[in-house]
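# Structure assessment
Given next are the chains, with one letter for each unit.
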Amino acid sequence: MKTEGLESPPHVCPTLLRHAQERLRKCARGRPGLADFVFGFLLAPTWGAGLKALQLAVSMLRVVSWNINGIRSPVQGVGYEEPSNCTAMAMGRILDKLDADIVCLQETKVTRDVLTEPLAIIEGCNSYFSFSRNRSGYSGVATFCKDSATPVAAEEGLSGLLATQNGDVGCYGNMDDFTQEELRALDSEGRALLTQHKICTWEGKEKTLTLINVYCPHADPGKPERLAFKMRFYRLLQIRAEALLAAGSHVIILGDLNTAHRPIDHWDAVNLECFEEDPGRKWMDHLLSNLGCQAGSHTGPFIDSYRYFHPKQKGAFTCWSTVSGARHLNYGSRLDYVLGDRTLVMDTFQASFLLPEVMGSDHCPVGAVLSVSSVPAKQCPPLCTRFLPEFAGTQLKILRFLVRLEQDPVFRQSALQLSNQTPVQMRQNKARVRSTRSRPSQAGSSRGQKNLMSYFQPSSSRPQASPNLELPSLGTLVTPKTSEEDVMASVVEGRAKASEAKNEKEVRTSFWKSLLGGPLPMPLCGGHREPCVMRTVKKPGPNLGRHFYMCARPQGPPTDPSSRCSFFLWSRPN
């Protein structure tokens, strides 16, 4: 940061300045551009400008999105430490490592019946879940908000059919092109979750911000109906987002959009047929503003925040194939985005980033930093998981220890009579109870309490020693000493038996090896002359279940000699 000729104004306390700098660099993950921007204001010559900039630096809003690929397995250790055995601690550590005010997760693969309290309720946060209603362990999204960023409204789905009319976001737009059955199908997979927040800009203006956490469908090439489903989901998402913008709210769409927008966002776009003609990419062209083009080009309502700050950054991928080990050589694509409306991105976005160092999924987190502060709601919306009956009941049980319980009238009357008794009456009652107790017979009872001396008397069931029994003499109990020759002979004999057993085991092993043959050695790949790895065909077709050999190295660009070669060999049937 260039500060020649400028002195720190007297209205900025040095301690506060250092605190703001530490907080700001933590929010920006060490990105100096953001620090330079704000600390230019900190050196402002007036009290008002310096105070506003200081408040801005301390209270920025940080949002992060991550396709977690299953929130329960392995409750992802975030790559920095080993996963904890405690689910609640592990989930809390994930949120701490991401260090965001709002964390949006996709592909949670959890349904309500298997959602546990340690995953749903984290201290210092309020969470919101959308579940798949058709399949278990499929799709699903979740949003975790710090208590300092509690939303004023939350809603599941895009169509409004899942809304409860209490604490919902609203603003649905014109959905006449969709049938009711189609809208229910689009919202039945748990792919969208909306949270609406109040934010305050550094000028002191309070505005509304709506976050749309989405996990867009994947279009399987072998299933054309899924491509149609994906495009209808895109259309519904755009209608809802534009309706919220028209109502005066700022909008952020973040999550896994399942489309690499530009050739720079895909590792092998050059070799893909009709890359630009993909329907998903055409939809994104219409949705987003093309910032690098000349005047007169299409101006969409949203901006890709990462390309806004890093327009020419290559290799900025967020998804890799785990089967081929492509992450090792960064052979992936960018499917995860933080999209903001044009005004919001240009006025308040200060940074947009990827976190490829965070492990635990086939995706990496993405995020953005906004120069606004969150105004938390006084109460969580009804969709919050802490209000679910299965969790609300366990949380409220402690109140039974704090609230005075109503006693039964009969019990209260008997307790009052006992409390009014005199000491003489209490002693008489005790004596009366003691005299009415039945006492066991001392003569023939076997159940009463035994006397201590009974344990030291000889038992009648114990066998008595016979007087005619002759005990062996002491001399016969003494073991004779073994000579040194006998010891050596026994050692040699033991070794011979062990050697014989070993030879017999080797003979049996060699016999079975000659009979069965054992596994064949792995063939060597043609590119590196290294042992291959065996794979199994999982694609439906005539070769389903067949085994084949391929290069064991991770997948990478064809020009990289350290990446996987093109070796392929079918395995011979046994």
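Treat the numbers as computed from the prediction; the structure is a model and nothing was measured. (Residues numbered from 1 in each chain as written. Predicted model: local features only at pLDDT ≥ 70, side-chain atom pairs only at ≥ 80, totals over all residues. Heavy atoms only, no water.)

Here we take up empty space enclosed by the protein. Counting across every chain of the model gives one cavity of 30 Å³ or more. In terms of lining residues, the largest cavity is bounded by Asp 304, Ser 305, Tyr 306, Arg 334, Asp 336, Tyr 337, Val 338, Ser 352, Phe 353, Leu 354, Val 366 and Gly 367. Among the elements of the structure, α9 (305-309), β10 (336-341), β11 (349-354) and β12 (366-370) are those that each provide at least two residues to the lining of the largest cavity. Taken together, the residues that form the lining of the largest cavity break down as six nonpolar, three polar and three charged. (1 Å grid on protein atoms, 1.4 Å probe; cavity = no way out; pocket = protein on both sides within 12 Å on 5 of 7 lines; lining within 4 Å. Points joined across faces, edges and corners; volume = space filled by probe spheres on them. Helix = DSSP H or I, 4+ residues; strand = E, 2+ residues; numbered from the N terminus. Nonpolar A, V, L, I, M, F, W, Y, C, P; charged D, E, K, R; others polar.)

This part takes up the UniProt feature "site: Interaction with DNA substrate" (unreviewed entry) in the protein chain. Under the UniProt annotation, the feature "site: Interaction with DNA substrate" (unreviewed entry) is placed at His 363. Inspection of the secondary structure puts His 363 in the loop between β11 and β12. On the accessibility criterion, His 363 (4% relative accessible area) is buried. Ignoring sequence-local partners within four residues, the contact set of His 363 consists of Trp 66, Asn 67, Asp 256, Thr 318, Cys 319, Trp 320, Arg 327, Leu 335 and Asp 336. (UniProt positions renumbered as here; feature names shortened; annotations may be inferred. Buried < 20%, exposed > 50% of the residue type's maximum accessible area, 1.4 Å probe, protein only. Contact = heavy atoms within 4.5 Å.)

Spatially, the six strands line up as an open sheet ordered β3-β4-β2-β1-β12-β11, and their pairing is mixed. Strands at the two margins of the open sheet, each flanked by one partner only, are β3 (125-130) and β11. Along the sheet, successive strands turn relative to each other by an average axial angle of 15°, direction set aside. One ladder, built from six bridges, connects β3 with strand β4 (residues 141-146); its direction is antiparallel. By the bridge assignment, Cys 125 is partnered in β4 with Lys 146. (Pairing = 2+ DSSP bridges. Axes fitted to C-alpha atoms, helices over the stretch in contact; angles between N-to-C directions.)

Time to look at a nonpolar patch on the surface. On the surface, a cluster of nonpolar side chains totalling about 480 Å² of accessible area is made up of Phe 511, Trp 512, Leu 515 and Leu 516. In this structure, Phe 511 sits in helix α15 (residues 484-516). (Patch = residues over 30% accessible without salt bridge, like charges linked within 9 Å, V, L, I, M, F, W, Y side chains within 5 Å. Areas by Shrake-Rupley, 256 points an atom, 1.4 Å probe, with all protein chains shown as cover. Salt bridge = Lys/Arg side-chain N within 4 Å of Asp/Glu carboxyl O.)

Time to look at the layout of surface pockets. Looking at the largest pocket, its volume works out to about 1500 Å³. Lining the largest pocket are 46 residues, and of these His 218, Ala 219, Asp 220, Pro 221 and Asn 258 sit closest to its centre. Looking at the lining of the largest pocket, the element that brings in the most residues is helix α7 (residues 224-246), giving five residues. When the residues that make up the lining of the largest pocket are grouped by side-chain class, the tally is 18 nonpolar, 14 polar and 14 charged.

Before going further, it helps to examine the UniProt feature "site: Transition state stabilizer" (unreviewed entry) in the protein chain. The feature "site: Transition state stabilizer" (unreviewed entry), as annotated in UniProt, sits at Asn 258 in this numbering. As for its placement among the helices and strands, Asn 258 is situated in the loop between β8 (250-256) and α8 (279-287). Setting aside anything within four residues of it in sequence, one finds Asn 258 in contact with Tyr 215, Cys 216, Pro 217, His 218, Lys 230, Tyr 234 and Leu 335. In this structure the side chain of Asn 258 is engaged in a polar contact, spanning 2.8 Å, whose partner is the backbone oxygen of Cys 216. (Polar contact = N/O pair within 3.5 Å; in protein donor to acceptor, adjacent residues only side chain to side chain.)

Taken as a whole, this structure holds 16 salt bridges when the rule is applied. Here Arg 262 makes a salt bridge to Asp 285, at a shortest N to O gap of 3.5 Å. Separated by 23 residues along the polypeptide, Arg 262 in the loop between β8 and α8 and Asp 285 in helix α8 bring together distant segments of the chain. A relative accessible area of 26% means that Arg 262 is categorised as partly exposed.

Another point: the sheet that holds strand β14 (residues 533-536). With antiparallel pairing, the three strands of this open sheet are ordered in space as β14-β15-β16. If you trace the sheet from one side to the other, it starts and ends with β14 and β16 (568-570), each paired once. The sheet shows a mean angle of 30° between the axes of neighbouring strands, direction not considered. One ladder, built from four bridges, connects β14 with strand β15 (residues 547-550); its direction is antiparallel. Opposite Met 534, over in β15, you have Tyr 549 as the bridge partner.

Among the structural elements, Arg 529 can be located in the loop between α15 and β14. Through-space distance from the C-alpha of Arg 529 to that of Cys 551 is 9.2 Å; in sequence the pair is 22 residues apart.

Time to look at the packing of α7 against α8. At a closest axis distance of 10 Å, the pairing of α7 and α8 adopts a crossing angle of 10°. Classified by the angle between their axes, α7 and α8 sit roughly parallel to one another. Taking contact as the criterion, the partners of Leu 227, Met 231, Tyr 234, Arg 235, Leu 237 and Gln 238 in α7 are, on α8, Pro 279, Gly 280, Trp 283, His 286 and Leu 287. (Parallel < 35°, antiparallel > 145°, perpendicular 65-115°, else oblique.)

Here we take up unusual backbone geometry. In the Ramachandran plot, Asn 330 falls in the positive-phi region, its phi being about 55° despite a non-glycine side chain. One can find Asn 330 in the loop between α9 and β10. Judged by relative accessible area, Asn 330 falls into the partly exposed class, the value being 30%.

We now examine the confidence of the model for the protein chain. On average, residues of the protein chain score 79 in pLDDT, and 70% of them are at 70 or above. Low pLDDT, under 50, characterises residues 440-446; the stretch is placed with one contact to residues that sit more than four places away or in other chains. Counted against residues more than four places away or in other chains, residues 474-478, with its pLDDT under 50, gives one contact. (pLDDT = per-residue confidence, 0-100.)

Let's shift gears to the side chain of Ser 127. Residue position: Ser 127 is located in strand β3. Ser 127 sits in the buried class, given a relative accessible area of 1%. Within the local environment of Ser 127, its side chain forms a polar contact with the backbone oxygen of Ala 120, the two atoms lying 2.4 Å apart. Among the polar contacts listed, one links the side chain of Ser 127 to the side chain of Thr 385, at a separation of 2.6 Å.

According to the stated counting rule, one finds eight aromatic pairs in the structure shown. Between the aromatic rings of Phe 129 and Phe 144, the centroid separation amounts to 5.9 Å while the plane-to-plane angle is 80°, which identifies the pairing as edge-to-face. With Phe 129 in strand β3 and Phe 144 in strand β4, this pair connects stretches of sequence that are 15 residues apart. Of the two residues, Phe 129 and Phe 144, neither departs from the other in class, the shared state being buried. (Phe/Tyr/Trp six-rings, centres within 6.5 Å; stacked < 30°, edge-to-face > 60°.)

Among the six residues in β4, five count as buried, and that is most of the element. Of the strand pairs in this sheet, strand β2 (residues 102-106) and β4 are connected by five bridges, and their pairing is antiparallel. Across the sheet, residue Gln 106 finds its bridge partner in β4, namely Val 141.

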